[in-house]
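Chain by chain, the residues run as shown.
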Amino acid sequence: MNRSYSWMTIFVVFLSGFVSAQTTAIVGGTVHTVGPAGTIEHATVIIEDGIITAVGKNVSAPSGATIVDAAGKILTPGLFTPFGQLGLVEIGASAGPLDAVQRGDQFTAGFDVADAFNPRSTLIAVNRIEGVTRALIAPQSRRADESGNSSHVFSGLAAVVNLSGRADSIDRRAAALVVNLGEGGRGLAGESRASNLLVLRNALDEARDYRDNKAAFERRQRREYQHSIADLESLQGVLTGDIPLLANVHRAADMELLIRLTAEYGIRAIINGGTEAWMIAGQLADASIPVLMGPTANLPSNFDRINARRDSAALLISAGVKVGFAGPQSQTHNARNITQSAGNAVSEGLSWDDALHAITLAPAEIFGLSDRIGSIEAGKEADIVIWPGDPLELTNYPEQVFIKGESISMSSRQTLLRDRYLKTETGKPPAFR
Amino acid sequence: MSKLNVALATVSVCLVACGKGVPDLDVPEPFASRYQALPSETTLLTGATILTGTGVRLENADILMSKGKIIAVGPGLDADGAAVVDASGKWVTPGIIDVHSHLGVYPSPGTASHSDGNEATSPVTAEVWAEHSVWPHDPGFVTALAGGVTSLQILPGSANLIGGRGVTLKNIPGRDVQSMKFPGAPHGLKMACGENPKRVYGRRGTAPSTRMGNVAGYRAAWIEAADYRDKMEAAARGEGEAPMRDLKLETLVGVLNGEILVHNHCYRGDEMSIMLDIAEEFGYKVTAFHHAVEAYKVADLLAEKGTCAAMWADWWGFKMEAFDGIRENAAIVDRAGACAIIHSDDAIGIQRLNQETAKVMGAAARVGIDIPPENAIKWITSNVAKALGIADVVGTLEPGKMADVVLWSGSPFSVYTRAELVYIDGALIYDRNNPAANPVTDFSLGTSALAGGLQ
C-alpha cells in the first residue's frame, strides 16, 4: 500500500505538472471518507504534494505542516458533477460562447469538447467554492438550424475535468461518447427512433469494418465509409469498451433496446436522464449500466418520461444500479446544487451515505477515475470540502475547498458582486465601491 | 366567503369605469370564479412549531380550523368534536403561494400542442387572459400541492412587452379553470422587460428589436389606454360617444385604475429603474418585478416605491441579463425593507419553494444577515399574498383567514422535510402518508408513477 501510494504520488505530481511541495493537516473534523473507513470523528487528514497520505483518528501532523483546524466541522470528498457544460459555456441562451454543440456530420463521434474547455470560465469559480471539484463536460445536440444543419446522433466525446482553474485541468479525455436516443435522438435522424437506431448501428458496423480491414482501407481496397477517420478512430474505443456510450435516454423501452445493443456489440453504456430507469432497474444492474439522473425530475415532461416518479433514485440504488446525481435544474451554471439533489433523494428513501456516494465516488467509478479521486483515502488526490454542518442541508455552504491539495480562493464573481452591494454607503456609485 | 365574493365581484364588474363617475357596464363578471371549498371538518393541529407568516414563531402551539377558516392559533387550544392531529415535533405554516407559475399554460407533457403561454403574435396583447389557456389536468398542479403550494398565479409568458392577464388559482385541480379561480383575487397584468420581447420580435424584423424599442412600445400602449379611459369617462359625462369596447385597452385601463396588478418580468436593476419611471409617467404602480435577478442593486428604490421583487434563490447565467445573479439577492432586498418573494417560474421549482428560501437564508447568514424562519416564511406566504392582492384573506395564520395550512415533517427549511398534510380552506387536500386519497389529474391515470410515485 505504501509503496503503491508513493508511486502514485510521483505519477500524479508528474501528470499534473505542478508541485505544491506542501504538507497540510486538516485536524479534528468529522470525515465522511466515502471509502471503506466510513465516517471517522475527530480525524486528521494529511495532504502531501496534492495527495492524501493519511486519514484517521490517531494520525499526527508532520512537523512543518500547515494546520487547518476543522474541529466541529464536516469533511467530505470534493463533489463530482457527472454531466454538464462547465467551461464550455458562459451564457446559456442567445449570447456568449457555446462550444458544446457540433452541427453537421463532418465529424461526429470524433468531436471532442476537451479541446474547447476553458478552465478560467466564470462558472468554474462559482461552482468550486460550493464544493464541486470535478465535472464531466459533455457535448450537446441541437435540432436543425435555419440552414437545415442538425447535430448527429452522436454529440461527441465528453471529458472529466477538475475545477482548479489551471491550464492542465483535464483529467480524462474521451471519458464517454455521448449518443442521443429516444425523443431527443429521433429528431436528429429521420424523425423516428427506428432510423435513429439504424444510424447508430451503421456507425458501429463501419467502425468494426474499419478495425478489421484497416490495412485494406488504407490501400484503398475497401469501400468508403460514411464516417470520417476521426470518427471511426474514436469509435474504436467504444468497441474495445474503453469508452462507454453515454446515452441521453428516458423511455424504458429505449433503455431495454440499449441493453440489447451493448450485449450484441460487447460495448459499455451509461444512461443519462433515465426517467423510467426505475422500471427496469434489475436489468440495468445485471448489465452493469450506471444511471446519471436528477432525483427531483418527477414530472412527465414528455411522452418518454410518462412514468416519472419522485423516488426513482432510491429504487435504482436499492436494485444495485450505480447512480450519479445531476443538479435539480441547471446542470451547468448551478452544478453546485447537486447537494440539493442528494438531500431530496434522502427525503425520498435513500440513505444519507448512498446520497453522498452518488455525488462523490459513484461518478468517479462510472468514469473510471476512482483510483484517483472520489473518496478521502490515502493515495487519492486531495479534493476535500470543509463544511460547517451537514453538506446536504441547504443552509450549509463550504468554508474551504481543496482541489488536488490546493486550498482554493473562496471567491467568485458572485461573491465580489455581493460584497460590493452589501455596502450601503451613499455618495459614490457602486463602481467606486 | 360569500360576502367577500359579492364585494369583489362588484369591483370586477366595475373594472373599466365605476368609481370614475361612469355607469356600470351592467354585464356579469366574465369567467367568474366558481370555486367551492371542499368539505372539511373542524381540525385541531396540536403541539407544533408554528410560523404564522406575520413574523411570529410559536413553539408547542396549536391551530384550530373550522368551516374553512382559521379559528385560533396559540398554546393549549381545545375544541369539542374536532379531529385532532398530533403535530408535536412538526412545523405548521400558511399554505405556500407562488406568484409566478406557468402550470396549465405550459403543462406537462410539454408538447407543442400544449404550448399556450405566449400569444407571441404582437408585442402588446393585453387582451389575452392566461386563464383561457389553463389546462386543469396538468400533473404539475398535484406535484406542487405535494410541495405545500395552496395558491398560485398563472401568468402568460414573457415574449411580449405586455403579455396579458394572469389569474390566481386555488391549487385544487378542477374540471375547468373557473372552479380553481381564487375567489375575489384581482387579475395580474404580465409585462416583460429586456431580452425576450426584443429577441422574439427583433428576429422577425419588427419592433421591438432593442431595449429602447421595448420602452417605446410600453409608452405607446399606455398613451392609447389613457386616451380610451378619457373617452369612456367623457362619454359617461354625456360628452361624446363611447368608443367600442376594446379588450386590450380595457385591461390596461384596469391597471391605470389600480384594479389590475402589474407583474413585470425584469432582470436588470437599471431596467427596473426605467420601468418605475414609466409607471410614474402614466400613473400606475408596479406591484412586483419578477425574476429580478439584479433587485439587490436597486433594493432601496424598490423599498421606496413599495414594489415587491419576486426572485429565484440562485438561477443565473442562462441568459445575459441573468449573469449577475447572486444567492443573497432576496436577503439584500429584504434588508432594505422591500418586499421579498421567492418564486418558481418552473414546474419542478414550485415543488420546493421552501428549499429555495433556505438556500438564501444560508447564504445570507454567511455575510451576517440573519433571516430567521419566522421571517423567511413570509417570502413564500404573506409577502406573496400582498403582491397578489389577497393578503386580507390568506397568507398568514390569523383568525378569520382562509385555512390554507401546511403541516411539515420538520422545519420547512431543511432539505429532508416534506409536506405531510396540506389543507385548503380547512379541507385536507393532500396527505403524504395516504396516497390513495390524493388527487390525480386525468393525464396521470394509467401511469405507473401513480403507485405512490408522482407525489
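In what follows, the accompanying structure is described. (Residues numbered from 1 in each chain as written. Chains lettered and ligands numbered in written order. Predicted model: local features only at pLDDT ≥ 70, side-chain atom pairs only at ≥ 80, totals over all residues.)

1. Let's talk about the overall build of chain B
Basically, it comes down to this: Here a strand is any run of E in DSSP of at least two residues, a helix any run of H or I of at least four, and the numbering for each starts at the N terminus. The burial criterion counts other C-beta atoms lying within 10 Å of a residue's C-beta, which is placed from the backbone; the residue is buried at 20 or more, exposed at 12 or fewer, and partly exposed between these limits. Each residue is represented by a C-beta atom placed from its backbone, and any two residues with such atoms within 7 Å are regarded as in contact.
Per the secondary structure count, chain B includes 11 helices and 16 strands. Judged by the C-alpha coordinates and their principal axes, chain B covers about 65 × 50 × 45 Å. Within chain B, the proportion of its 455 residues that are buried is 57%. Contacts in chain B between residues at least 24 apart in sequence constitute 70% of all its contacts with a sequence separation of at least 6.

2. Digging into the sheet that holds strand E10 (residues 261–266) of chain B
Residues and elements named next belong to chain B. Spelled out, the test is: Two strands qualify as a pair provided that DSSP identifies no fewer than 2 bridges between them. Axis definition: a line fitted to C-alpha atoms, over the contacting stretch in the case of helices. Angles run 0 to 180 degrees between N-to-C directions.
With mixed pairing, 8 strands are arranged side by side in an open sheet as E6-E7-E8-E9-E10-E11-E12-E13. Of all strands in the sheet, those with a lone pairing partner are strand E6 (96–101) and strand E13 (340–342), marking the two edges. Mean inter-strand twist for the sheet, computed between neighbouring axes without regard to direction, equals 25 degrees. As defined by bridge partners, E10 adjoins strand E11 (residues 286–291) across 5 bridges and the pair is classed as parallel. Bridged to His263 within E11 is Ala288.

3. Some points on the interface of chain B and chain A
Put simply, the rule reads: Polarity classes work like this: nonpolar for Ala, Val, Leu, Ile, Met, Phe, Trp, Tyr, Cys and Pro, charged for Asp, Glu, Lys and Arg, and polar for all others, with Gly in that last group.
Between chain B and chain A, the residue contacts involve 44 residues of the former and 43 residues of the latter. At the level of elements, helix H2 (139–146), helix H3 (195–202) and helix H9 (353–366) of chain B are the ones that each hand at least two residues to the side of chain B that touches chain A. Ranked by residue count, the leading element in the side of chain B that touches chain A is H9 of chain B, at 8 residues. The residue inventory of the side of chain B that touches chain A, partitioned by class, reads 21 nonpolar, 12 polar and 11 charged.

4. Topic: H2 of chain B
Residue and element names in this part refer to chain B. Burial runs high along H2: 8 of the 8 residues are buried. Buried residues of H2: Pro139, Gly140, Phe141, Val142, Thr143, Ala144, Leu145 and Ala146, and no others. Elements in contact with the buried residues of H2: strand E7 (149–154), strand E15 (419–424) and strand E16 (427–431). Looking one or two places after H2, you find Gly148, whose phi comes out positive at around 90 degrees.

5. A short note on the sheet that holds strand E7 (residues 132–137) of chain A
Residue and element names in this part refer to chain A. Overall, mixed pairing links the 8 strands, which are arranged E6-E7-E8-E9-E10-E11-E12-E13 in an open sheet. Every interior strand has two partners, whereas the edge strands, strand E6 (79–81) and strand E13 (323–325), have only one. Between one strand axis and the next, the sheet turns through 25 degrees on average, direction left out of account. Bridge count for strand E9 (residues 170–180) against strand E10 (residues 245–249) is 4 bridges, and the pairing is parallel. Bridged to Val179 within E10 is Ala247. Helix H7 (residues 252–265) rests against E10 and strand E11 (269–273) of the sheet, and its axis sits at about 160 degrees to E10.

Any functional reading would require information beyond the geometric quantities listed.
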